[in-house]
Each structure stands twice: as structure tokens, then as C-alpha cells.
Amino acid sequence: MVLEKMALVGDALSHVALPGLALGTVLHFNPYIGAFAFLFVTAIIIWQIQRTTKLSFEALVGAMFTLALALGIFMYGGELEALEEALFGDISQVTLMSTGVAAIVCVVAIVLTKIIYDKLVLVMISEDLAVSKGINVARTNLLYLFLVSVVVAIGIQIVGTLLVGFLVIVPAIAAKTLSTRMKRYALFSSVFGIISAAGGVLLWGFVEPILEFPGPMVVFVGIAIFVVSLIINWRLKLTS
């Protein structure tokens, strides 16, 4: 999302999960399965509309984002506690099994990203060039949106729909500040994301009595990493 200059689109897309969370709560199944389903179905709808109408991706995400928020709030009705958990996350519901499943899904997502990595980079550089190389741009973009949906759905349980866009944006921009090569950028993005999530949760343990949700602490750690990356980048430019 950052490399395609659509960072805020990634943030807005994350809020589309709210109706899926509400559906899972109302029908008594895992709400994070519902979140992923809504995210991916919405991504397919946006992908198809964009292909046929040539409307900007940002405009379509904005329309679906506001619709999803309104629909999600409507579906939760008077269940304010459940709505609060959806918006800000509920780490108390994270179990050993759900953690294991999330880890397996993340590994699969990383493998799939590795498989399409070269094609995705070429599509980002030039779609016309990618087509000339025989790459199915539409299919590559669809798989990319699928992977974004998976990552967002996993992060929601910790930081909620309001802050999960952070995990898509901040580690990536911190990595971009320090990277000149794509492989280094991908590695740094992953490492910074892990440090932000793990460090934020650990710090939250010290302030839990006054802060109910870990999301803000995850964001604070990530922003600290970004600031440090800016300082390192600035120092490197001074010495070069």
C-alpha cells in the first residue's frame, strides 16, 4: 500500500471489517472469520468495479468504508460493549489456539507474497510493462488484496478496526525510510511490524489498570520506530 501511494486506502479498507465482526457476534461464530469474509468480498467488489468503471481505487474504498461503518454500527445496535471491542480490540479473547492459527496464516501469507513478489513489484512499476511480460495484472492485484485482507483480519483482534490500519502503514513507511532495495524493505517492514505489536502489548501490561486496550501502545511503539528511522536517515544523509 505504501509503495503504491495508497497508505490511507489501506487504513480505510481495514474499517470494512466492522460488519463482519458484527455478523459473527450476532450469529455466534468467530467474528474474525466474518471480518475476513467482509474484507475480502469488499476487496473483490472494489476490484471489479474499478476494472469496469475506471473510477479511482481511493474513491471506491472511501464509499465502501463509510457504508461499512454505518452498517456495522447499525448491526451492533445497542450492544455498545461489543461495538467497543470491535473498534478497539480485545486481547483478552486471544487464546493459544487462535495465536497458533494466526501464526500459520501469517506463514502462508508470507509464502504467497514470496511467490508473487516479482510480479507484484513489476505491476507497481508499470502495469503496461507487466502485461508485456505476460503477467495477469488483474489476478495479481486480486491476490494482493486477498493478502491485505488476511493481514488486516489477523491484526483486528489486538488493536481493533480503528487502529489496525497502523499495522499496514507505519512499519512500512519506517522501512521505506531506511531501505533502498525491495528485499530490504520487505524484511524491515516485517521486523518493525513484529516489534510494534509485541512491544506495544508488553508495554500495555504496565499501564493496563488505566488503559483497557493495547492498541494505543502498539501505535506508540510503532511511531517511536518511525521517528528513530527518520533520525537514522537524516544522519546518513549528513555523513554521505
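Quick caveat: nothing in here was measured; it's all calculated off a predicted structure.

Enquirer: Explain the confidence of the model for the protein residue by residue, including any values.
Expert: Taken as a whole, the protein shows an average pLDDT of 78; of its residues, 88% reach a score of 70 or greater. Averaged over each element, pLDDT in the protein is lowest for helix H1 (residues 7–14) (62) and highest for helix H11 (residues 215–239) (87).

Enquirer: Explain the nonpolar core to me, using residue names and the numbers behind them.
Expert: Core analysis: the largest hydrophobic core is formed by 30 residues, its most contacted members being Leu-18, Leu-21, Leu-39, Tyr-76, Val-152 and Ile-156. Mapped onto this core, the elements with two or more residues apiece are helix H2 (18–27), helix H3 (31–53), helix H4 (57–76), helix H5 (80–88), helix H6 (96–125), helix H8 (137–163), helix H9 (165–178) and H11. When near neighbours in sequence (up to four residues on either side) are disregarded, Val-152 contacts Ser-14, Leu-39, Val-164 and Val-168. Listed in part, the 9 residues of the second largest apolar core include Phe-188, Phe-192, Val-221 and Ile-225.

Enquirer: Before we move on, could you go through H2 and cite the residues and values that matter?
Expert: Considered for burial, the residues of H2 that qualify are Leu-18, Pro-19, Gly-20, Leu-21, Ala-22 and Gly-24. Downstream of H2 by one or two residues, His-28 has phi in the positive range, about 60°.

Enquirer: Which residues make up a nonpolar patch on the surface, and what values go with them?
Expert: A contiguous nonpolar patch, built from Leu-23, Val-26, Leu-27, Phe-29 and Ile-33 and spanning about 420 Å² of accessible area, is present on the exposed surface. Looking at which element gives the most residues to the nonpolar patch, the answer is H2, with 3 residues. Structurally, Phe-29 is set in the loop between H2 and H3. According to the relative accessible area criterion, Phe-29 is partly exposed, its value standing at 34%.

Enquirer: Please set out the environment of Val-41 residue by residue, giving values where relevant.
Expert: Tracing the sequence through the fold places Val-41 in helix H3. Each C-alpha atom, one on Val-41 and one on Phe-146, is 9.2 Å from the other, the two residues being 105 residues apart in sequence.

Enquirer: Can you explain the packing of H9 against helix H10 (residues 182–207)? Please cite residues and give values.
Expert: Between H9 and H10, the shortest axis-to-axis distance is 8 Å and the interhelical angle comes to 130°. Classified by the interaxial angle, the pair formed by H9 and H10 is oblique. Note that H9 runs across H10; the crossing there is right-handed. Contacts between H9 and H10 involve Phe-166, Pro-171, Ala-172, Ala-174, Ala-175, Lys-176 and Leu-178 from the former and Arg-184, Tyr-185, Phe-188, Ser-189, Phe-192, Gly-193 and Ser-196 from the latter. Across the contact of H9 with H10, the residue classes tally to 9 nonpolar, 3 polar and 2 charged.

Enquirer: Talk me through H11; I want residue IDs and the actual numbers.
Expert: With 25 residues, H11 extends 37 Å between its outermost C-alpha atoms, agreeing within 8% with the 36 Å of an ideal straight helix rising 1.5 Å per residue. The complete set of buried residues in H11 reads Gly-215, Met-217, Val-218, Val-219, Val-221, Gly-222, Ile-225 and Ser-229.

Enquirer: Outline the packing of aromatic side chains, supporting the account with residue identities and numerical values.
Expert: The tally for this structure, following the rule as stated, stands at 2 aromatic pairs. Ring centres 6.0 Å apart and planes at 5° place the aromatic pair Phe-36 and Phe-40 in the stacked group. Of this pair, Phe-36 and Phe-40 are both found in helix H3, 4 residues apart, which corresponds to roughly one turn of the helix. Ring geometry for Phe-188 against Phe-192: centres 5.7 Å apart, planes inclined by 40°, an arrangement best described as tilted. Taken together, the positions of Phe-188 and Phe-192, both in helix H10 and 4 residues apart, correspond to about one turn of that helix. Taken individually, Phe-188 and Phe-192 each receive the classification buried, so the pair is uniform in this respect.

Reading the values: the criteria
Residues numbered from 1 in each chain as written. Predicted model: local features only at pLDDT ≥ 70, side-chain atom pairs only at ≥ 80, totals over all residues. Heavy atoms only, no water. pLDDT = per-residue confidence, 0-100. Helix = DSSP H or I, 4+ residues; strand = E, 2+ residues; numbered from the N terminus. Core = buried A, V, L, I, M, F, W, Y, C linked by side-chain atoms within 4.5 Å. Buried < 20%, exposed > 50% of the residue type's maximum accessible area, 1.4 Å probe, protein only. Contact = heavy atoms within 4.5 Å. Patch = residues over 30% accessible without salt bridge, like charges linked within 9 Å, V, L, I, M, F, W, Y side chains within 5 Å. Areas by Shrake-Rupley, 256 points an atom, 1.4 Å probe, with all protein chains shown as cover. Salt bridge = Lys/Arg side-chain N within 4 Å of Asp/Glu carboxyl O. Axes fitted to C-alpha atoms, helices over the stretch in contact; angles between N-to-C directions. Parallel < 35°, antiparallel > 145°, perpendicular 65-115°, else oblique. Left-handed = near helix turned anticlockwise from the far one by under 90°. Nonpolar A, V, L, I, M, F, W, Y, C, P; charged D, E, K, R; others polar. Expected span 1.5 Å × (residues − 1). Phe/Tyr/Trp six-rings, centres within 6.5 Å; stacked < 30°, edge-to-face > 60°.

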